[in-house]
Amino acid sequence: MDPLQAKQQMTLSEFRSIREFIYAKSGIFFNESKQYFLENRLSKRLAELNLRSYGDYLALLQGLQGGPELKRLFVEITTNETSFWRNPPQIEAFQNIVLPDMAKLARERGQTRLRIWSAACSSGEEPYTLAMICHDLRDTVLRGFTVEILGTDISDKVLAQAQDGVYNAYTLRNLAPEQLQRHFVSLGRELYQIKPDLHRYTSFRNFNLVDYVGYRALGAFDVIFCRNVLIYFDEAVKAQVLKAFHAQLHPRATLLVGHSESIHAFNTGFELMHFSKAMGYRKRA
Ligand SMILES: C[S@@+](CC[C@H](N)C(=O)[O-])C[C@H]1O[C@@H](n2cnc3c(N)ncnc32)[C@H](O)[C@@H]1O
């Protein structure tokens, strides 16, 4: 298709086939109101690849050479909205309750490492928020621990941004000026880069949350943040992902999900933790 031509329209049957494919590969479920969204995101790819129909695009994805395009598809279809200090009451609960609790449990187990997983970390704002907190507590609550923060996502584009750790002034608006100065280096033109002493807490890698066999290789965690991603999954995928998180957490370790993402309905082996204006889940012993 000529890129200058009008956007290629997606038929309902094409939408349903692509939606099935996306669901099988990522767990992300698009209901019928999202046909226009997918058409918008993918028509550009059709034009770039010179393909005549979404059926041809699907055939490309399913073919032997489909791997690289699948990664590109994940970049196109994901919603990566995030921010520093997102949901402050929950972040405060992490700082004041969860971390001290986890450090205590880890000491009892003889651990010298604390491992935190930001599952679906988008462009890094969440893991760097956690790194700022851990850095500030390194000589008190976290004395004697090495802290590792793993950030994973399905989109290579946001992972590259997270790895760079460069943000503009608007993205950093939730930080106090003192935090900005302490943890970032100004690059000029309203851009700031995370300092190496914060970056060193983190590592980033691509991980698809529906890769159920891949979880084990990530190792055990003291805290898992999985915020604002379960909403894209249906009940069956949510249940599987929660089961996989459960298996990766130490006994009595903590899972923090987004504030609209109750996991009550699932018999998950977690108990609810009430914080001030926030919630979390603790793995039952
Ligand atoms: C709305 S962002 C949330 C970012 C961050 N957790 C927060 O709360 O601010 C959702 C992220 O989930 C990622 N995502 C969606 N499906 C995924 C999957 N199957 N595996 C891993 N990440 C996924 C998207 O790429 C996106 O970056």
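Engineer: Hey, could you go over the packing of aromatic side chains for me, with residue numbers and the actual values?
Structural biologist: In the structure shown here, the tally under the stated rule is 14 aromatic pairs. Centre to centre, the rings of Trp117 and Tyr215 are 5.8 Å apart; their planes meet at 70°, and the pair counts as edge-to-face. Placement of the pair is Trp117 in strand β1 (residues 113-119) and Tyr215 in the loop between β6 (202-206) and β7 (221-226), with a sequence separation of 98 residues. In this structure Trp117 comes out as buried when scored by relative accessible area, which is 0%. Its relative accessible area of 2% is what places Tyr215 among the buried residues. Chaining the aromatic ring pairs together yields one cluster made of Trp117, Phe207, Tyr212, Tyr215, Phe221 and Phe245.

Engineer: Outline helix α1 (residues 12-26), listing residues and values.
Structural biologist: Taking 1.5 Å as the rise per residue, α1 with 15 residues should run 21 Å; its terminal C-alpha atoms sit 21 Å apart, in good agreement. Along α1, the residues that are buried comprise Glu14, Phe15, Ile18, Arg19, Phe21, Ile22 and Ser26. Down the axis of α1, the sector holding all buried residues measures 165°, keeping them to one side. Along α1, the residues that are exposed and aim more than 90 degrees away from the buried face are Ser13 and Ala24. Against the buried residues of α1 lie α2 (35-49), α3 (54-62) and α4 (66-77). With its phi angle positive at about 80°, Gly27 sits one or two positions after the end of α1.

Engineer: With reference to specific residues and values, describe the sheet that holds strand β10 (residues 278-283).
Structural biologist: Read from one edge to the other, the open sheet built from seven strands follows the order β6-β2-β1-β7-β8-β10-β9, with strand pairing classed as mixed. Whereas interior strands pair on both sides, the edge strands pair on one side only; in this sheet they are β6 and β9 (270-275). The average undirected angle you get between the axes of adjacent strands in this sheet is 20°. Pairing analysis gives two bridges linking strand β8 (residues 249-257) to β10, with the strands arranged antiparallel. Residue pairing in the sheet places Thr254 in a bridge with Arg282 of β10. Running over the sheet, helix α6 (residues 125-136) touches β1, β2 (146-153), β6 and β7 and is turned about 160° from β6.

Engineer: Can you tell me about the site of the ligand, naming the residues and giving the values?
Structural biologist: Near the ligand there are 21 residues, and of these Thr82, Arg86, Ala120, Asp153 and Asn228 occur at the shortest range. Asn228 is positioned such that a nitrogen or oxygen atom in its side chain is 2.8 Å from an oxygen atom of the ligand. Computed on the free molecule, the ligand has an accessible area of 600 Å², of which 99% lies beneath the protein chains in the complex.

Engineer: Before we move on, could you go through the environment of Lys104 and cite the residues and values that matter?
Structural biologist: Here Lys104 is to be found in helix α5 (residues 88-109). Overall, the relative accessible area of 52% leaves Lys104 in the exposed class. Separated by 37 residues in the primary sequence, Lys104 and Val141 place their C-alpha atoms 8.9 Å from one another.

Engineer: A description of the domain arrangement of the chain should follow, citing residues and the corresponding values.
Structural biologist: Annotation of the chain at the domain level lists domain 1 (12-77) and domain 2 (88-283). If you average the C-alpha positions of domain 1 and of domain 2, the two centres end up 30 Å apart. Buried surface at the junction of domain 1 and domain 2, both sides included, amounts to about 850 Å², of which 59% is carbon and sulfur. The three residues of domain 1 that bury the most area against domain 2 are Tyr23, Phe74 and Val75, which together make up 43% of that side's buried surface. Taken together, the connections running from domain 1 to domain 2 amount to one salt bridge. The shortest N-O distance in the salt bridge between Asp156 and Lys71 comes to 3.2 Å.

Parameters and conventions
Residues numbered from 1 in each chain as written. Predicted model: local features only at pLDDT ≥ 70, side-chain atom pairs only at ≥ 80, totals over all residues. Heavy atoms only, no water. Phe/Tyr/Trp six-rings, centres within 6.5 Å; stacked < 30°, edge-to-face > 60°. Helix = DSSP H or I, 4+ residues; strand = E, 2+ residues; numbered from the N terminus. Buried < 20%, exposed > 50% of the residue type's maximum accessible area, 1.4 Å probe, protein only. Expected span 1.5 Å × (residues − 1). Arc of directions from axis to C-beta. Contact = heavy atoms within 4.5 Å. Pairing = 2+ DSSP bridges. Axes fitted to C-alpha atoms, helices over the stretch in contact; angles between N-to-C directions. Near = heavy atom within 4 Å. Polar contact = N/O pair within 3.5 Å; in protein donor to acceptor, adjacent residues only side chain to side chain. Areas by Shrake-Rupley, 256 points an atom, 1.4 Å probe, with all protein chains shown as cover. Domains from an automatic or database assignment. Buried area = accessible area lost by both parts, 1.4 Å probe. Salt bridge = Lys/Arg side-chain N within 4 Å of Asp/Glu carboxyl O.

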